[in-house]
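What follows is each chain in one-letter form.
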Amino acid sequence: MHPLRRVPAGLKTSVPCERCGEPTMQTRLVEVEGKRLCIPCAESLRG
Ligand SMILES: [Zn+2]
């Protein structure tokens, strides 16, 4: 069972970062304080 892998390979889901709006692959999103952020935003928030 792979409930998170319903998307065919090559059609990866992009989710907009909740801070800057940059479309980011779901596998690269980082959840910070309940928000899904791209890596640069997550790092800047963490200081
Ligand atoms: Zn961002």
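Just so it is clear, the model here is predicted, and its values are computed rather than measured.

> Could you give me a rundown of the overall build of the protein, with the residues and numbers involved?
Along the protein, the regular secondary structure elements total one helix and four strands. Mapped in sequence order, the helices and strands of the protein form the string β-β-β-β-α. Taking all 47 residues of the protein together, 13% fall into the buried category. Relative to all contacts within the protein whose residues are 6 or more apart in sequence, the contacts with residues 24 or more apart total 3%.

> So, the nonpolar core: which residues are in play, and what are the values?
Cys17, Leu29, Leu37, Cys38 and Cys41 form the largest nonpolar core, which has five residues in total. The residues contacting Leu29, other than those within four sequence positions of it, are Val15, Thr24, Arg36, Leu37 and Cys38.

> Which residues make up the environment of Pro40, and what are the values?
Among the structural elements, Pro40 can be located in helix α1 (residues 39–46). Note on Pro40: 14 C-beta atoms within 10 Å, which makes it partly exposed. The spatial distance from the C-alpha of Pro40 to the C-alpha of Val30 is 9.6 Å, given a sequence separation of ten residues.

Definitions and limits used
- Throughout, residues of each chain are indexed from 1 in the direction in which the sequence is written.
- Residues qualify for local features only when their pLDDT is at least 70, as the model is predicted, and side-chain atom pairs are given and counted only at 80 or more; totals for whole chains, interfaces and linings, by contrast, use all residues.
- To qualify as a helix, a DSSP run of H or I must reach at least 4 residues; to qualify as a strand, a run of E must reach at least 2; elements of each kind are numbered from the N terminus.
- Any residue surrounded by 20 or more other C-beta atoms within 10 Å of its C-beta is treated as buried, while 12 or fewer makes it exposed and the intermediate range makes it partly exposed; C-beta atoms here are placed from the backbone.
- Two residues form a contact once the distance between their C-beta atoms, set from the backbone, is within 7 Å.
- Each nonpolar core consists of buried Ala, Val, Leu, Ile, Met, Phe, Trp, Tyr and Cys residues. Their C-beta atoms, within 7 Å, join them into a set.

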